[in-house]
Amino acid sequence: MGRTIIKQPLYTIVYLLFVLLVVFPVAYTFLLAFFNIDSLGKNLQLISIETVLLLLKSVLIAATVALFSTFSGTLLGFLLYKTKMKHSSFFKLALLIPLFISPYILAVAWKDFFFIMAGNSNIISSELGVALVLTTIYTPLAMLITGNAFSGIDSKLEESGFMIAGFHRTMSKITLPLIKPAVISSFVLIFIFSISEFSVPAILGVKVFTTEIFTQFSAFYNHSLAILQSALLLIICLLLLFAEGKYIADASFLSVGNRGNNTKTYQLNKRRLPGFLFVIIWLFISVILPFIILFFQTFNNETTNFIRAFKLLLPTFGNSITLATTGALVIVFIGFVAAYKNYLSQTQTKTGKSFDLFMLFLFATPSTIIGISLIRFYNHPALEFIYSGWTIIIIGFVAKFSFIAARLLGNAMKKIPASMDEAAQLEGISKFKRFLRIIVPLVLPSLFATFIISFIFSLGELGITIMVYPPGTEIMPIKVYTIMANAPQSLVSSMTLIVFSVTLLMIIGFYFIAKSIIKKQSYVVG
Amino acid sequence: MVKLNNISHTYGTKSVINDLSLSMEANRLTCLLGSSGCGKTTILRLIAGLDKPASGEIIIDNKTVSKKNEIVVLPQNRATGMIFQDLALWPHFTVYKNIAFGLTERKEKNVKERVIEVLTFFGLTEHANKYPHQLSGGQKQLVAIARSLVLKPKILLMDEPLANLDVKLKRKILDHISNLIREFNLTIIYVTHDHKEAFAIADKVVVLNKGKVEEEGSVEQIKESKNEYVKFFLEY
């Protein structure tokens, strides 16, 4: 460590700041729940049978979501990454949209759908409804993870199978076992995300463990119990994560650029039409239908609601974009520093390992818990400058999304052979110039993609922001969420449509910029 | 003259080179021949200064450049060029830029003239504005060699540079390499697992096995070697 400080001051500063400002508040809160013996004993008595049942309900919902999302995601992954389906590149991107749209937008859309179709939203405002909405949101994640695993299978392995067995036997005995780690990881990740999800059950009015923590903290001010409940939730997430951590920690599915050039693709033949229909129907249900519903609700009778919604949201656009841009820049910077350190030290150092572990730990920590921890830690006169401004929100974004940034950039750097840098070293190019002229240009597409992803996630983040936002903060998700209780549903739908459209427009805009960058840099290694 | 005295090297706990001593004459082509994992590439990396020896010392032109766990002379100051097995052409630079990069960054004079000179020597002039992915395998190989030579190294280290080429192209580039020694007064250390390739160009062949020298000598001496391992190796 001593040598690291001297040799890599920037890395050391970033690492220490990350630990102090981001990791420590969460770890401190978590430890407090267990080591503050008096309140632990007192609070343990407060954990009633109802709390346990609520936790079980959340586990059941999360398991259902994880199961169905992984199943449908694997099917989509096979169809789009392993077969020669027409327009598969378009479908791969379009199907990812729910993953980038803030979950509460889709919850509002589905609530509207049932309101229009059945006259009320009773069906969707249930545990089944939460599971349904979350399944549409997380299926693309399963598709991404398993699709990447399908693409990574060396064609020779399957072709060797075909020499001695038919399609079905090869699939069941060779292909599926090869993607088993990806399937399990997909299940675990989606389970963690689902059990941690706050906005969807909150908007659908379904009481689950995360909403209960929020209520205890924000409505009843029972901080100790909220923290203890958070700790229970965190234990479940961490146990699952570290039981299945290797694949998730590597997160090879988080990468930009070409992959799987040497993989075998199948002809669907007579199954082509059902396969194509499945993809189209999924795209319609998860992306097109929510947009149509929100559009219909907004412009059903008149445009008054839309204009009102626009006026309400107008002051939030600038703030939201500034906050998300700042958050994304900080996240990309931290992710880059962490990834570059690992790239430089060919065998990972203890500090590098701990940095990765901390990011993984925070990634798996439910947003509500991060929010509570940050409030508890920074609500102190000496830290008022952080607590009462946007910094606390940025810290929340960093906590939640740094892992994704570090993995995206780390996987991009892994594709750069060490010889690229060594060749320049032998030519007498300084370390700084090698970094600037060789490494940065080679990871530029991934840097840009990481920025976009961090920006979009930060723009729609609600779970942490709702807990930590200082009074008077005018940003899009907060505005929609806080107005929801007292405004007519049509106004909420209009606001949601606007947020949906803004996010979608940004994704499309970024997509075209990214496409031109990647096209210009079609040489990218890997 | 390049001398390795009692060099050892490990990767983690795995010993790759074990108390190896070797000398390579100036303005000659020495081939390091051996099967995968015998330590050929490691020797090149040690000579280049990309890795430190765990023990022993490396001497170039009577000057110690590396000793136990220490790089005495930095890689960029050893007057060595290296052709990596994967060639390591920078994919975001054109052929011209790949060759000129080192000269420009070292702020040397007559960059353009020097680049054009090597481009002409290797017949690459018409490809100057192409990117590496737009070149054939053989052209990439030549660019990698040109990039090293433009900096006028005294020693050229070549790590299986022809591994993925067809026989015809191999022959052409081997001729080029033979010319290089005469034109540029080079000392070449050439790593290969293909004894035919080694015999076609080498002045001296060193047969390696498990990080040790099994046999060294001229092509004829190696062909007639009584060493069991060498005989076995040359049969395949």
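For the structure, see preceding data.
Given the structure is predicted, the values throughout are model-derived calculations rather than measurements.

Novice: Mind showing me how you'd approach the pairing of strand E2 (residues 14-24) of chain B here?
Specialist: One face of the sheet, then the other: side chains in a regular strand alternate in exactly this way. All names here are of chain B. Note: strand E1 (residues 2-11) against E2, seven bridges, orientation antiparallel. Bridging from a neighbouring strand, valine 2 pairs with methionine 24 of E2. Between E1 and the antiparallel strand that follows it, E2, lie two residues; glycine 12 among them carries a positive phi value of about 65 degrees.

Novice: Help me understand the interface of chain B and chain A, please; the structure alone is not making it clear to me.
Specialist: Much of the literature gives interface size as the accessible area that the parts lose upon coming together. Taken together, the contact pairs 24 residues of chain B with 19 residues of chain A. Of the roughly 2,100 Å² buried where chain B meets chain A, counting both sides, 61% is carbon and sulfur surface. In terms of surface lost to chain A, no three residues of chain B exceed B:Trp90, B:His92 and B:Glu105, which account for 27% of the buried area on that side. Where chain B meets chain A, there are four salt bridges. With a closest N to O distance of 2.9 Å, B:Glu105 and A:Arg437 form a salt bridge. Counting across the chain B and chain A interface gives eight residue pairs in polar contact (both at pLDDT 80 or more). Listed by contribution, the elements that provide at least two residues to the side of chain B that touches chain A are helix H1 (40-48), strand E7 (80-83) and helix H2 (95-105) of chain B. With four residues, H2(B) is the single largest residue contributor to the side of chain B that touches chain A. Partitioning the side of chain B that touches chain A into residue classes produces 12 nonpolar, five polar and seven charged.

Novice: How do you make sense of the packing of helix H4 (residues 49-81) of chain A against helix H8 (residues 127-151) of chain A when you look at a structure like this?
Specialist: Helix packing geometry: the angle between the two helix axes and the distance between the axes. All names here are of chain A. The N-to-C vectors of H4 and H8 enclose an angle of 40 degrees; their axes lie 5 Å apart at closest approach. Classified by the angle their axes make, H4 and H8 are oblique. For the pair H4 and H8, the crossing hand works out as right-handed. When grouped by side-chain class, the residues that make up the contact of H4 with H8 number 15 nonpolar, 12 polar and two charged.

Novice: Even after reading the chapter, I still don't get the packing of H2(B) against helix H4 (residues 137-149) of chain B, so can you show me in this structure?
Specialist: Residue and element names in this part refer to chain B. Interhelical geometry of H2 versus H4 gives an angle of 25 degrees and a closest axis separation of 8 Å. Of the possible angle classes, the one that applies to H2 and H4 is roughly parallel. As for the relative orientation of H2 and H4, their crossing is right-handed in sense. Facing H2, whose interface residues are Val95, Asn98 and Ile99, H4 presents Val143, Ala146 and Arg147.

Novice: So what exactly am I meant to see when it comes to unusual backbone geometry here?
Specialist: Most peptide bonds take the trans configuration, and most residues that are not glycine carry a negative phi. Residues and elements named next belong to chain B. Of note, the phi angle at leucine 87 is positive, near 70 degrees, even though the residue is not glycine. Locating leucine 87 in the fold gives a position in the loop between E7 and H2. A residue is classified by how much of its surface remains accessible, and leucine 87, at 8% relative accessible area, is buried. For glutamate 160, which is not glycine, the phi torsion reads 40 degrees and is therefore positive. The class of glutamate 160 is buried, set by a relative accessible area of 9%.

Novice: Which parts of the structure should I look at to understand the environment of A:Phe358?
Specialist: All names here are of chain A. Mapping phenylalanine 358 onto the fold places it in helix H17 (residues 350-364). With 334 residues separating them in the primary sequence, phenylalanine 358 and phenylalanine 24 have C-alpha atoms 9.8 Å apart. In contact with phenylalanine 358, not counting residues within four places along its chain, are Tyr15, Phe18, Val19 and Val23.

Novice: What should I look at first to understand the sheet that holds strand E4 (residues 55-60) of chain B in this one?
Specialist: Residues and elements named next belong to chain B. One open sheet holds the five strands; their spatial order is E2-E1-E4-E5-E6, and the pairing between them is antiparallel. The outermost strands of the open sheet, each flanked by one partner alone, are E2 and strand E6 (70-71). Sheet strands in contact with H1 are E1, E2, E4 and strand E5 (63-67), and its direction is about 115 degrees off that of E1.

Novice: I keep staring at a nonpolar patch on the surface and nothing clicks. Help me out?
Specialist: Residue and element names in this part refer to chain A. Residues Leu273, Leu277, Ile281, Phe284, Ile285, Ile288 and Ile292 make up a contiguous nonpolar surface patch of about 600 Å² in total accessible area. Structurally, isoleucine 292 can be placed in helix H15 (residues 272-299). By relative accessible area, isoleucine 292 is classed as partly exposed at 42%.

What counts, and where the lines are drawn
- Residues numbered from 1 in each chain as written.
- Chains lettered and ligands numbered in written order.
- Predicted model: local features only at pLDDT ≥ 70, side-chain atom pairs only at ≥ 80, totals over all residues.
- Heavy atoms only, no water.
- Pairing = 2+ DSSP bridges.
- Helix = DSSP H or I, 4+ residues; strand = E, 2+ residues; numbered from the N terminus.
- Contact = heavy atoms within 4.5 Å.
- Buried area = accessible area lost by both parts, 1.4 Å probe.
- Salt bridge = Lys/Arg side-chain N within 4 Å of Asp/Glu carboxyl O.
- Polar contact = N/O pair within 3.5 Å; in protein donor to acceptor, adjacent residues only side chain to side chain.
- Nonpolar A, V, L, I, M, F, W, Y, C, P; charged D, E, K, R; others polar.
- Axes fitted to C-alpha atoms, helices over the stretch in contact; angles between N-to-C directions.
- Parallel < 35°, antiparallel > 145°, perpendicular 65-115°, else oblique.
- Left-handed = near helix turned anticlockwise from the far one by under 90°.
- Buried < 20%, exposed > 50% of the residue type's maximum accessible area, 1.4 Å probe, protein only.
- Patch = residues over 30% accessible without salt bridge, like charges linked within 9 Å, V, L, I, M, F, W, Y side chains within 5 Å.
- Areas by Shrake-Rupley, 256 points an atom, 1.4 Å probe, with all protein chains shown as cover.

Interpretation note: all reported values are geometric properties and have no functional meaning in isolation.
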